[in-house]
Amino acid sequence: MPEAKPIKITETILRDAHQSLIATRMPTELMLPIIDKMDKVGYNSVECWGGATFDASLRFLKEDPWDRLRKLRDGFKNTKLQMLFRGQNILGYRPYADDVVDSFVEKSIANGIDIIRIFDCFNDLRNLQEAVNATNKIKAREGRGHAQVALSYTLGDAYTMEYWIDMAKKIEEMGADSICIKDMAGLLVPYKASEMIREMKAVTKLPIQLHTHYTSGVAGMTYLKAVEAGVDVIDCAISPFAMGTSQPATEVMVETFKGTPYDTGYDQNLLAEIADYFRPYRDECLANGLLNPKVMGVDIKTLLYQVPGGMLSNMVSQLKEQNAEDKYYDVLKEIPKVRKDLGEPPLVTPSSQIVGTQAVFNVLMGERYKMATDQTKDVLRGKYGQTVKPMNQEVIDKVIPGEERITCRPADLLSNEMEKLESEMAEWKQQDEDVLSYALFPQVAVDFFKYRQAQQEKVDPAKADVKNGAYPV
Ligand SMILES: [Mn+2]
């Protein structure tokens, strides 16, 4: 038996679990009553914030995501809080200037985040450096803040074991505190995980965390092999919101390693109480349709098409809108071709949406790239960064003929934005953080600000004369 090495768990119930299963709709008031108990488990961290939680809070729940974060911080006295951060895209869908990245990192930590998991949809490390630097600056100043760099795991000709090992070395060199292998579509199979962790451990001293989804049905076995190979932390979800398109269940992993050198030491009775708390909410979500039993099973197509679940559901709704649901399999076949044309990037926000939408266009228009989205054009221009493989020259010539392409770090060409953003939204500003909400989701944030103001003035926003800025009192 190897020497004792308790495995650590990041609990995802407050972020990825409900993002993956119920479209990120869990409200703050449902989270708060269970925080006390969650705080006693001894989790490595609780993941609770990211792009989708931020967007859904403002858009659908009419909540201030910053306020949620502060409330969670208040409640979690002993547990680290973790967030997901899209590199230079922050929590949004386009590259931002460095001053916005710096400000967002600073405010995230100031409002309660400890660990920032930073990824880029192209694995272009230049797009991660500013966020890592910003985190390290705060860590040096205040002793809080941990920059975790995540590699978006994917399959393809370019993604050899040498590629991943080389990336691990570079992540250590760039000043990160830990590495995450982020397998958003559940593509990492058990023996591959074993090999990858072993080889990474041989080249880096940084702790390695593994994040996967149960979509393809292998996740539990993948964790088992990864733990045996020396992984330090695994991402799990408490059982009522585990499995399917979410993570392996926390209690199952805790039980798996009990009495072994990897024993987490977590209290199963305490975990059972936490599960008891979330189970009625799961039942409620099943009853009202928010939780679709379809996402709870094994979807082996994910291994065939390598398309993350969220991207598939987006695609289906785009086809529905066009009354073209019969084109589903044509689009599925087009996706890997578009991905190749665009330099074979991983499929994760925002590249997943860009590739998916372009594939839908290519099929519906009856001619490939007859129409290209602005985002496809920007990818071809190099504005999202460098892909691991070159992009298709024929497609470049057809979509952006004669245009100059960017080869530098894209944010080097962006001038500071904070001042301009603030001046655009000044009338709504009640806290510095509002400028950042506006930066990420301009329209959605303003709608929320109007709602917030109406609430504060006790006005029914439905009756407000938004157009003329007049509110009946
Ligand atoms: Mn995930």
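Residues numbered from 1 in each chain as written. Predicted model: local features only at pLDDT ≥ 70, side-chain atom pairs only at ≥ 80, totals over all residues.

### Looking at the overall build of the protein
Put simply, the rule reads: Put simply, DSSP marks the helices as runs of H or I at least four residues long and the strands as runs of E at least two long, and each gets a number from the N terminus on. Radius of gyration here uses only the C-alpha atoms, and the compact-globule reference equals 2.2 Å multiplied by the residue count raised to the power 0.38. Once C-beta atoms are placed from the backbone, each residue is buried if 20 or more other C-beta atoms lie within 10 Å of its own, exposed if 12 or fewer, and partly exposed for counts between those two. Working definition of a contact: two residues with C-beta atoms, positioned from the backbone, lying within 7 Å.
Secondary structure assignment for the protein yields 21 helices and eight strands. Computed over its C-alpha atoms, the radius of gyration of the protein comes to 22 Å, within 12% of the 23 Å expected for a compact globule of 473 residues. Scored against the burial criterion, the 473 residues of the protein give a buried share of 47%. Taking as baseline every contact in the protein between residues at least 6 positions apart, the subset at least 24 positions apart corresponds to 75%.

### Here we look at the sheet that holds strand S6 (residues 178–182)
Basically, it comes down to this: The pairing criterion for strands is at least two bridges between them, as found by DSSP. Lines fitted to the C-alpha atoms define the axes, with helices restricted to the stretch that makes contact. Angles between their N-to-C directions range from 0 to 180 degrees.
Ordered by their spatial adjacency, eight strands build a closed barrel running S1-S2-S3-S4-S5-S6-S7-S8, and the pairing between neighbours is parallel. On average, adjacent strands in this sheet sit at an angle of 30 degrees to one another, irrespective of strand direction. Of the pairings in the sheet, the one linking strand S7 (residues 208–211) to strand S8 (residues 233–236) comprises two bridges and is parallel in character. By the bridge assignment, Leu-210 is partnered in S8 with Ile-234.

### Observations regarding the pairing of S6
Condition: By convention, orient the strands away from the viewer: a clockwise path from the first strand over the helix to the second makes the crossover right-handed.
The element S6 is extensively covered by neighbouring structure, given that five of its five residues are classed as buried. Where strand S5 (residues 146–152) and S6 come together, five bridges link them in parallel fashion. Opposite Ser-152, over in S6, you have Lys-182 as the bridge partner. Each parallel crossover has a hand, and the one from S5 via helix H8 (residues 161–173) to S6 is right-handed. Sheet analysis places S6 next to S7, joined by four bridges and oriented parallel. Bridge pairing links Ile-179 to Ile-208 in S7. Remark: the S6/helix H9 (residues 190–203)/S7 crossover connection has right-handed handedness.

### Points about helix H5 (residues 65–75)
Just so we agree on the cut-off: Arc, as used here, means the arc of the directions from the helix axis to the C-beta atoms.
Every buried residue of H5 is listed here: Pro-65, Trp-66, Arg-68, Leu-69 and Leu-72. The buried residues of H5 occupy one face: seen down the axis, they fall within an arc of 155 degrees. Those residues of H5 that are buried lie in contact with helix H2 (28–31), helix H3 (35–38), strand S2 (45–49), helix H4 (51–61), strand S3 (81–85) and helix H20 (433–440).

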